[in-house]
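# Summary of structural features
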Amino acid sequence: MQTNIFFTADHHFGHANIIKFSERPFESMEEMNEQLIKRWNEKIGKDDIVYHLGDVSLGKPDFTKEILDRLNGKIHLIKGNHEYSALRVPERFEWIKDYHELYVEDESHKMGKQKIMLFHYAMRTWNGSHHGTWQLYGHSHGTLPDDEMSLSIDVGVDCHNFYPVSYEEIKELMKKKKWTPPFAPRN
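Fair warning: this is a prediction, and the values are worked out from it, not measured in the lab.

Side chains of strand β5 (residues 99-105) alternate between two faces, with His100, Leu102 and Val104 buried and Tyr99, Glu101, Tyr103 and Glu105 left unburied. Here β5 pairs with strand β6 (residues 113-119) via 7 bridges, running antiparallel. Pairing of Val104 across the sheet is with Gln114, part of β6.

The 4 strands lie next to each other as β5-β6-β7-β8, forming an open sheet whose pairing is mixed. With one partner strand each, in any of the chains shown, β5 and β8 (152-154) form the two edges of the open sheet. Strand-to-strand twist of the sheet, defined as the mean angle between neighbouring strand axes without regard to direction, takes the value 25°. Contacting β5, β6, β7 (134-137) and β8, helix α4 (residues 167-175) runs over the sheet at an angle of about 120° to β7.

In terms of burial, β6 is a largely internal element, 5 of the 7 residues being buried. Bridge count between β6 and β7: 3 bridges; the pairing is parallel. Bridge pairing links Met117 to Gln135 in β7.

With that out of the way, let us pick up the sheet that holds strand β9 (residues 165-166). Taken together, 5 strands build an open sheet; the order of strands is β4-β3-β2-β1-β9 and the sheet is mixed. Every interior strand has two partners, whereas the edge strands, β4 (93-97) and β9, have only one. Taken together, the 4 bridges between strand β3 (residues 74-78) and β4 define a ladder with parallel strand orientation. Residue pairing for β4: Leu77 is matched across the bridge by Ile96.

Another aspect to go through is the layout of surface pockets. Of the volumes computed, that of the largest pocket is approximately 340 Å³. Lining the largest pocket are 20 residues, with Met123, Arg124, Asp147, Ser150 and Ser152 positioned closest to its centre. Among the residues forming the lining of the largest pocket, the class breakdown is 10 nonpolar, 6 polar and 4 charged. If you add up the space inside the second largest pocket, you get close to 270 Å³. Looking at the second largest pocket, it is lined by 14 residues, and the ones nearest its centre are His109, Gln114, Gly132, Trp134 and Lys171. Ranked by the residues each element gives to the lining of the second largest pocket, the list is headed by α4, at 4 residues.

Another aspect to go through is the environment of Tyr103. The topology assignment puts Tyr103 in strand β5. Sequence separation between Tyr103 and Tyr137 is 34 residues; the distance between their C-alpha atoms is 16 Å. Discounting chain neighbours no more than four positions away, the residues touching Tyr103 are Lys113, Gln114 and Lys115.

To continue, consider the packing of aromatic side chains. Throughout the structure, instances matching the rule amount to 6 aromatic pairs. Aromatic pair Tyr51 and Trp95: ring centres 6.0 Å apart, planes at 50°, arrangement tilted. Of this pair, Tyr51 sits in strand β2 (residues 49-52) while Trp95 sits in strand β4, and the two are 44 residues apart along the sequence. Residue classification places Tyr51 among the buried positions, given a relative accessible area of 7%. A residue is classified by how much of its surface remains accessible, and Trp95, at 22% relative accessible area, is partly exposed. Where Trp134 meets Tyr167, the ring centres are 5.5 Å apart and the plane angle is 25°; that geometry is what we call stacked. Pair noted here: Trp134 is in strand β7 and Tyr167 is in helix α4, with a separation of 33 residues, a long-range link. Judged on exposure class, the residue Trp134 and its partner Tyr167 are both buried. Above the face of the Trp95 ring, Lys97 is positioned so that its terminal group lies 4.4 Å from the ring centre.

Conventions used here
Residues numbered from 1 in each chain as written. Predicted model: local features only at pLDDT ≥ 70, side-chain atom pairs only at ≥ 80, totals over all residues. Heavy atoms only, no water. Buried < 20%, exposed > 50% of the residue type's maximum accessible area, 1.4 Å probe, protein only. Helix = DSSP H or I, 4+ residues; strand = E, 2+ residues; numbered from the N terminus. Pairing = 2+ DSSP bridges. Axes fitted to C-alpha atoms, helices over the stretch in contact; angles between N-to-C directions. Contact = heavy atoms within 4.5 Å. 1 Å grid on protein atoms, 1.4 Å probe; cavity = no way out; pocket = protein on both sides within 12 Å on 5 of 7 lines; lining within 4 Å. Points joined across faces, edges and corners; volume = space filled by probe spheres on them. Nonpolar A, V, L, I, M, F, W, Y, C, P; charged D, E, K, R; others polar. Phe/Tyr/Trp six-rings, centres within 6.5 Å; stacked < 30°, edge-to-face > 60°. Lys NZ or Arg CZ within 6 Å of the ring centre and 35° of its normal.

Shown next, in the form of structure tokens:
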């Protein structure tokens, strides 16, 4: 099983007003930036895989490049609605997409792998949602109540003490959901 996969979103590096908007516990933008970098690198090693689900930075491209160069991991970017600067340093990302269907090898899963839909925005339904596919998103900064009947989770930093979330952590959160397949199997 792969255990070096992480998910995150909504860092908003260089965005002073996000401290107020999202009631982040930082005194300044500089403190926020440094804490976000520190917490990222505490969990993520240089060879770990990271799926960032959007809104990396609102700083200028040079500032954004400096931040990205300090972050560990092989970063895959799902575009958010604040990606002007990140898109100007594409070489820092393994790839950049609007949306991605990820398969994670997991021997405990009945099919041997877990399918996960990655998108910046929360969806009520998605490809495979009726068959146990997960959906991970950002954008809402923890303002959407978690739906225990849906296999979707906000992986944004505002929801996880400003840390990225591992595949194993997501798996544990999904186990607590009350989701059941909406259609009975056909014989």
